[in-house]
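Letter by letter, the chains look like this.
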Amino acid sequence: MKFNKIILGVLTLLFSFTLFSCSESEKKPEDDTTKTELKFKSAVLVSVEGTSDLNIKASVHGEKGVIYAVLSKEDSSPAASAIVEGKNFVWADHSVEGQALEATISDLEAGKPYYAFFVIKHENVFSDIVRKTATTIEPDVDKGEGTAENPYKVSTIEDLEHVGTGPYDTYNLDWNADNTYYILENDIDLTSKYGENKESWTPIKIGRESVFDGNGHTITGVYISTTSTTNLGLFEGINIHGMVKNLHVTNVRISSNGYVERPKIYDASLEGEKKYTSTNADGTAQGIYVGALTGDCKGSIENVHVTDAVLKVEGSRVGGLTGRLYSDEGTACKINKVSVEATIEGVSRLGGIVGLIDAKSKTNFETPIVTNAYFKGTIKGTTTFPTEDTYIAGEYLGGFAGYARAFNASNIVVDANIAGERHVGGVVGFLQFNTNVPDHNSIIKDCLFKGNLSINIGTNMGPVVGNRSNSNATTENCIATGYYLSSSIFMKKEEQVMFDNLNSTAKFGEAVEALSKEWYAQHLPSLDLESIFVLDENSFPTLR
């Protein structure tokens, strides 16, 4: 009996202790109990093969809790509340109560470490924070092979900077200047890196047998400010048999004072034009070629359009498209279907399309080297005085070419204001005979000029050609319409006139009736108004 009482006492004590324990457990804060249940079953951050993406995954034990996750570039220690809020992180997301979280995070920097922080929240209680890290992969990028069938692919500013420069270490490629093909994959805006108070663009190269295909895309923001004597433009040069095609270039700003032309004697004691002589002063002409697209072209340009260009150069050989067009090694370089809208200022040899056109001996001119070109803008030649008794005249200015020797041109349309000291032409400023190709007679065919011409010190100005030393050159269907001539010698007059000669005098020809599609078909028969040019509201042709 006594033993039974003892047993009963023990059982009573144990039962009482159990009740007491349960009671104490129920009195514990609920968040402590909950927190012991808020545990991660998994939390993972991994890189995705072949891309710079990251995969992030997390799941909970049981059915309680919302998973919150953030991604950061910094290996910090964020508070649970900051993770839930998800602000100021590279990426943030959360799951549904009791469910897993899974996502792919894109647009990350390749080859960089990233840090993920996870926390579970349930009824205002947080789990412990879990940290994971992973490094994004440098993806295998197909940049092409540089062949005609598989050109090098240009899609970033860095890509463009390496065109024609040789080793491209980022992709372990050799982007040669010669015999290499490039294609533009998308529009490129250079203004994030280049511009006023930023960097100055370093011109790239198109070498022999090389092609840069713009693929219909646009390059914006070519900014160059320099004293350099290298050729200036988006491209430094297009070499023999090289080509740039299917490209739009806009927002071009080029300025340079790196050119000094050979000065001439200035005698202030003489009157008027006599102050300016042609006697060469001592000094050597040194210089550059400047164009919105390229400084120098010995190859071809096809279907290229320049807009919003401002070229201000204290020098010579400046063109809206190319500073120089030079036929070399027997093959004439070619320009077709180009348009330029620009403001051009310089000393001499300034042209809306080309500053200087020239050719080496034995050049073949079987076909026109310039066809279907349109310029709209302003050209200004400024005389500078390096010393008190020497000067460099603002001369040789033309809406198409400033100074031209051996060439053929057809379907040239100019809408411009051109002002200089002398040798100013609506189409060509000065046309010179080229002794290197004595058998070739330059031809300007089917050209149209509209605008204002003015000169200050000379008498050589004309609506087609300002002056010439090439008596063998000919024009066919060259027309000036609605232009305005002014100088100290010429009378001011506005008329629509037709010229079929190269006289540098300002005489006016036969009046032209109202312009129309039928009129162009009769007088400028090769001007294609169906697929290349289109008439504006004033019945003036512009390039489509």
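Preceding block: the structure.
How each quantity is defined
- Residues numbered from 1 in each chain as written.
- Predicted model: local features only at pLDDT ≥ 70, side-chain atom pairs only at ≥ 80, totals over all residues.
- Heavy atoms only, no water.
- Buried < 20%, exposed > 50% of the residue type's maximum accessible area, 1.4 Å probe, protein only.
- Helix = DSSP H or I, 4+ residues; strand = E, 2+ residues; numbered from the N terminus.
- Pairing = 2+ DSSP bridges.
- Phe/Tyr/Trp six-rings, centres within 6.5 Å; stacked < 30°, edge-to-face > 60°.
- Lys NZ or Arg CZ within 6 Å of the ring centre and 35° of its normal.
- Salt bridge = Lys/Arg side-chain N within 4 Å of Asp/Glu carboxyl O.
- Axes fitted to C-alpha atoms, helices over the stretch in contact; angles between N-to-C directions.
- Polar contact = N/O pair within 3.5 Å; in protein donor to acceptor, adjacent residues only side chain to side chain.
- Contact = heavy atoms within 4.5 Å.
- Core = buried A, V, L, I, M, F, W, Y, C linked by side-chain atoms within 4.5 Å.

(A) Representation of the pairing of strand β24 (residues 322-327) within the structure. When you tally the buried positions in β24, you get 6 out of 6 residues, the bulk of the element. Summarising the sheet, strand β21 (residues 294-297) and β24 pair through 3 bridges and their orientation is parallel. Bridge pairing in β24 places Cys 297 opposite Leu 325. Taken together, the 5 bridges between β24 and strand β27 (residues 354-359) define a ladder with parallel strand orientation. Within the sheet, the bridge partner assigned to Leu 325 lies in β27 and is Ile 357.

(B) Up close: the packing of aromatic side chains. Counting across every chain of the model gives 14 aromatic pairs. For the ring pair Tyr 168 and Trp 175, a centre distance of 4.9 Å and an interplane angle of 80° mean the geometry is edge-to-face. The residues Tyr 168 and Trp 175 share a single accessibility class, namely buried. Taken together through their ring pairs, the aromatic side chains of Tyr 152, Tyr 168, Tyr 171, Trp 175 and Tyr 182 make up a single cluster. The lysine or arginine in question, Arg 349, covers the ring of Tyr 403, its NZ or CZ lying 4.7 Å from the ring centre. One cation-aromatic arrangement involves Lys 450 over Phe 540; the distance from NZ or CZ to the ring centre is 4.4 Å.

(C) The arrangement of the sheet that holds strand β34 (residues 422-425) in detail. Taken together, 6 strands build an open sheet; the order of strands is β20-β23-β26-β31-β34-β37 and the sheet is parallel. Edge strands, defined here as strands with exactly one partner in the open sheet, are β20 (290-291) and β37 (461-462). Across 3 bridges, strand β26 (residues 348-351) lies against strand β31 (residues 395-398) in parallel orientation. Residue pairing across strands places Ser 348 opposite Glu 395, the latter belonging to β31.

(D) Examining the pattern of salt bridges more closely. Taken as a whole, this structure holds 15 salt bridges when the rule is applied. For the salt bridge of Glu 109 with Lys 73, the shortest nitrogen-to-oxygen distance reads 2.6 Å. You can see Glu 109 sitting in the loop between β5 (101-105) and β6 (113-122) and its partner Lys 73 sitting in the loop between β3 (66-72) and α3 (80-85), a full 36 residues away along the chain. The partly exposed category is assigned to Glu 109, whose relative accessible area is 38%. Classification of Lys 73 as partly exposed rests on a relative accessible area of 42%. The shortest N-O distance in the salt bridge between Lys 517 and Glu 530 comes to 3.0 Å. Residue Lys 517 is found in helix α5 (residues 517-523), and its partner Glu 530 is found in the loop between α5 and β42 (533-535); the two are separated by 13 residues along the sequence. Owing to a relative accessible area of 41%, Lys 517 belongs among the partly exposed residues under this scheme. Three or more residues are tied together by salt bridges with common partners; here these are Lys 264, Glu 395 and Arg 422.

(E) Seen up close, unusual backbone geometry. Its identity as a non-glycine residue notwithstanding, Arg 317 has a phi of 65°, on the positive side. Tracing the sequence through the fold places Arg 317 in strand β23 (residues 316-319). The phi torsion at Ser 539 lies on the positive side, around 60°, for a residue other than glycine. Along the chain, Ser 539 turns up in the loop between β42 and β43 (541-543). Take Ser 539: its relative accessible area is 22%, and that puts it in the partly exposed class.

(F) Seen up close, the side chain of Glu 395. Looking at where Glu 395 falls in the secondary structure, it is placed in strand β31. Take Glu 395: its relative accessible area is 6%, and that puts it in the buried class.

(G) Local environment of the sheet that holds strand β2 (residues 54-60). A sheet is described by the order of its strands in space; here 3 strands give the open sequence β1-β2-β5, paired in antiparallel fashion. The open sheet has two edge strands with one neighbour each: β1 (40-47) and β5. Strand-to-strand twist in this sheet, taken as the mean axis angle between neighbours without regard to direction, amounts to 5°. Looking at chain direction, β1 and β2 are connected through 7 bridges and run antiparallel. When the sheet's bridge partners are listed, Val 44 is paired in β2 with Lys 57.

(H) Structural context of the side chain of Thr 371. For Thr 371, the position within the fold is in strand β28 (residues 370-381). At a separation of 2.7 Å, a polar atom in the side chain of Thr 371 contacts the side chain of Asn 336. Those residues in contact with Thr 371 that lie beyond four places of it in its chain are Ile 335, Asn 336, Lys 337, Ser 410 and Asn 411.

(I) Structural view of the environment of Tyr 289. Positionally, Tyr 289 belongs in the loop between β19 (276-280) and β20. A relative accessible area of 18% means that Tyr 289 is categorised as buried. Sequence-distant contacts of Tyr 289, that is, excluding residues within four places in its chain, are made with Asn 231, Leu 232, Gly 295, Asp 296, Arg 317, Gly 323, Arg 324 and Leu 356. A polar contact is formed between the side chain of Tyr 289 and the side chain of Arg 324, at a distance of 3.3 Å.

(J) The nonpolar core, seen in detail. Leu 160, Phe 212, Leu 247 and Phe 400 are the most contacted members of the largest nonpolar core, which has 88 residues in total. Setting aside chain neighbours within four positions, we find Phe 212 in contact with Val 154, Leu 160, Val 163, Tyr 182, Leu 184, Ile 206, Ile 219, Phe 235, Met 243, Val 244, Lys 245 and Leu 247. In this structure, Leu 38, Leu 71, Ile 105 and Tyr 114 belong to the second largest nonpolar core, which totals 22 residues.

(K) Focus on the pairing of strand β16 (residues 235-238). Inspection of the sheet shows strand β14 (residues 204-206) paired to β16 by 3 bridges, in the parallel sense. Counterpart to Ile 204 in the pairing with β16 is Phe 235. Inspection of the sheet shows β16 paired to β21 by 3 bridges, in the parallel sense. Pairing of Ile 238 across the sheet is with Cys 297, part of β21.

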